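Descriptive structure summary
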Amino acid sequence: MTLPKQVKLVEVGPRDGLQNEPGDIIPTDIKIDLINALSSAGLSHIEATSFVSPKWVPQMADASAVMMGIQRHPDTTYAALTPNLTGLNKALNTEVDEVAVFTAASEAFTQKNINCSIAESLERFAPLIEKANANNIPVRGYVSTVMGCPYTGEISAEQVTVVCKEMIEMGCYEISLGDTIGTGTPLKAKRLIEAVTKEIPVSKLAAHFHDTYGQALANIYAVLEEGVSVIDTSVAGLGGCPYAQGASGNVATEDVLYMLNGLGIETGVQLDELIKVSHWISQQLQRSNGSKVALALTPKSSI
Ligand code: HMG
Ligand code: MG
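1. Side note on the coordination of the magnesium ion (ligand 2)
Coordination of the magnesium ion (ligand 2) by the protein comes from Asp 16 (OD), His 208 (NE2) and His 210 (NE2), over a distance range of 2.0 to 2.3 Å. In the primary structure, the donors to the magnesium ion (ligand 2) are separated according to the pattern D-x191-H-x1-H.

This is the structure in structure tokens:
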């Protein structure tokens, strides 16, 4: 197995990282400064926010203000989650570069997260993808719970493959495989890619691994060996899903970058700049939420 020469890092910290922050609502200015700092550090693909129901995810209620406030870097794609047409319409008003739809391989998780079945979620995505494409907006697809569900446990690679295939056929240009609760291990991750790539080329897959049990880096290495070259990460390891109990943060961008640098894999991201951003956002979150979260938000990396 050969490793890819280049990897695209998809920075999801401003969305996946901040959506789950407990306590006070994070000021919009901090979110905007974070996104600007990430693009300055060389991240070329940033998931900036999500156009979801503010009743469901209050931290993302300022999605339009965040999108409109960003200083657009010419080499950066600014993406947002959109669960339905309402979300897409709001996103289009902010000149979003790309949107992402999200469902799961688990029925129970889909119900908890977006209040519908997997089949209903796909029905909702059809007109959304059509309208996005008509506006020249690429659509990314997420499939969550690919290596375990917080409600029903084991998920088979076949279940995952069926949903991924359907989303690709509907027009998603890429599927991000979400290990939402971080229960995957390297061999399982490898087997998952082997199964999904029977139906979908590896160039259309991304890895989105949460780090609940400290397995994310090992899992990423395993899927790099399978040819996956798009990896979702979150600065300072922030994050989790509010509808997946026990889900901790995504794998930290700086940890993945340190590993990729060591492997001689190009990303275009500057580690020293990124570490500054990681420390800065951690300090900001301690300030806005008080000392009760200080430990949890200490950057994992102090390289
Ligand atoms: P619902 O309650 O079934 O929606 O929620 P509804 O269509 O019945 O509408 C109810 C109300 O919400 C209405 O307002 C709508 O206008 C409003 P009301 O009349 O009551 O005032 N509404 C919206 N408002 C703003 N933006 C919208 C929107 N849609 C409806 N887009 C819904 C269904 C999908 C909206 C809801 O369940 C939801 O917002 N869920 C989002 C949950 C979420 O964001 N989870 C975290 C992201 S996924 C994740 O983290 C996993 C991932 O990282 C990968 C991984 O780790 O595995 C991607
Ligand atoms: Mg996630």
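2. A word on the site of ligand 1
Around ligand 1 sit 29 residues, and of these Gln 19, Asn 113, Asn 115, Ser 144 and Thr 180 come closest. Take Gly 87: an N or O atom from its main chain is 3.3 Å from a nitrogen atom of ligand 1. Within the side chain of Asn 113, one N or O atom sits 2.8 Å away from a nitrogen atom of ligand 1. Bound to the protein, ligand 1 loses 74% of the 1100 Å² it would expose on its own. The cavity that encloses ligand 1 is the largest pocket. Where the shell around ligand 1 is concerned, the elements lending two or more residues are helix H1 (13-17), helix H4 (85-92), helix H5 (107-114) and strand S5 (139-144). Looking at the shell around ligand 1, the element that brings in the most residues is H4, giving three residues.

3. Here we look at H5
Restricting attention to buried positions, one finds in H5 the residues Phe 109, Thr 110, Asn 113 and Ile 114. End-on, the buried residues of H5 take up no more than an arc of 100°, which puts them together on one face. Where H5 is buried, its residues touch strand S4 (98-104), helix H6 (118-134) and S5. At the N-terminal end of H5, a side-chain oxygen is found 3.3 Å from the backbone nitrogen of Ala 108, two or three residues along, and the residue is Ser 106. Within two residues after H5, Asn 115 carries a phi angle of roughly 60°, on the positive side.

4. Some points on the pattern of salt bridges
With the rule as written, the count across this model stands at 13 salt bridges. For the salt bridge of Lys 165 with Glu 169, the shortest nitrogen-to-oxygen distance reads 3.7 Å. Of this pair, Lys 165 and Glu 169 are both found in helix H7 (residues 157-170), four residues apart, which corresponds to roughly one turn of the helix. Looking at Glu 169, the relative accessible area reads 59%, which means it is exposed. Taken together, the shared-partner salt bridges in this structure form one network comprising Arg 15, Asp 16 and Glu 47.

5. Side note on the packing of H6 against H7
Direction vectors running N to C along H6 and H7 enclose 20°, while the axes themselves pass 10 Å from each other. One element, H6, and the other, H7, form an angle in the roughly parallel class. H7 is crossed by H6, and the crossing has right-handed handedness. Contact with H6, carried on its side by Ile 118, Leu 122, Phe 125, Ala 126 and Ile 129, involves Val 163, Glu 166, Met 167 and Met 170 of H7 and no other residues of that element. Across the contact of H6 with H7, the residue classes tally to eight nonpolar, no polar and one charged.

6. Observations concerning the packing of H5 against H6
In the contact formed by H5 and H6, the axes pass within 9 Å of each other and the chain directions differ by 55°. The angle between the axes of H5 and H6 places the two elements in the oblique class. Packed against H5, whose contacting residues are Glu 107, Thr 110 and Ile 114, the element H6 presents Ile 118, Ser 121 and Arg 124 at the interface. A breakdown of the residues in the contact of H5 with H6 according to their chemical character gives two nonpolar, two polar and two charged.

7. What about unusual backbone geometry?
Here the phi dihedral of Glu 95 falls at roughly 55°; this positive angle occurs in a residue that is not glycine. Within the secondary structure, Glu 95 sits in the loop between H4 and S4. Positive phi is not limited to glycine here, since Ala 236 has a value of about 65°. You can see Ala 236 is positioned in the loop between strand S8 (230-233) and helix H10 (253-262).

8. A word on the layout of surface pockets
Size it by volume and the largest pocket reaches roughly 630 Å³. The wall of the largest pocket is formed by 37 residues, among which Val 52, Ser 53, Val 57, Pro 83 and Phe 102 lie closest to the centre. Going through the elements one at a time, H1, helix H3 (63-69), H4, H5, S5 and strand S6 (174-179) are the ones with two or more residues in the lining of the largest pocket. Per-class residue counts for the lining of the largest pocket are 18 nonpolar, 15 polar and four charged.

9. Describing the pairing of strand S2 (residues 45-50)
When you tally the buried positions in S2, you get six out of six residues, the bulk of the element. As judged from the five bridges shared by S2 and strand S3 (residues 77-81), these two strands associate in the parallel manner. When the sheet's bridge partners are listed, Ser 50 is paired in S3 with Leu 81. Remark: the S2/H3/S3 crossover connection has right-handed handedness.

Rules used in this analysis
- Residues numbered from 1 in each chain as written.
- Chains lettered and ligands numbered in written order.
- Predicted model: local features only at pLDDT ≥ 70, side-chain atom pairs only at ≥ 80, totals over all residues.
- Heavy atoms only, no water.
- Donors = N, O, S within 2.8 Å, 3.2 Å for Na, K, Ca; no water.
- Near = heavy atom within 4 Å.
- Polar contact = N/O pair within 3.5 Å; in protein donor to acceptor, adjacent residues only side chain to side chain.
- Areas by Shrake-Rupley, 256 points an atom, 1.4 Å probe, with all protein chains shown as cover.
- 1 Å grid on protein atoms, 1.4 Å probe; cavity = no way out; pocket = protein on both sides within 12 Å on 5 of 7 lines; lining within 4 Å.
- Sits in = over half its atoms within 2 Å of the grid points.
- Helix = DSSP H or I, 4+ residues; strand = E, 2+ residues; numbered from the N terminus.
- Buried < 20%, exposed > 50% of the residue type's maximum accessible area, 1.4 Å probe, protein only.
- Arc of directions from axis to C-beta.
- Contact = heavy atoms within 4.5 Å.
- Salt bridge = Lys/Arg side-chain N within 4 Å of Asp/Glu carboxyl O.
- Axes fitted to C-alpha atoms, helices over the stretch in contact; angles between N-to-C directions.
- Parallel < 35°, antiparallel > 145°, perpendicular 65-115°, else oblique.
- Left-handed = near helix turned anticlockwise from the far one by under 90°.
- Nonpolar A, V, L, I, M, F, W, Y, C, P; charged D, E, K, R; others polar.
- Points joined across faces, edges and corners; volume = space filled by probe spheres on them.
- Pairing = 2+ DSSP bridges.
- Right-handed = clockwise from strand over helix to strand, strands pointing away.

Structural measurements only, silent on function.
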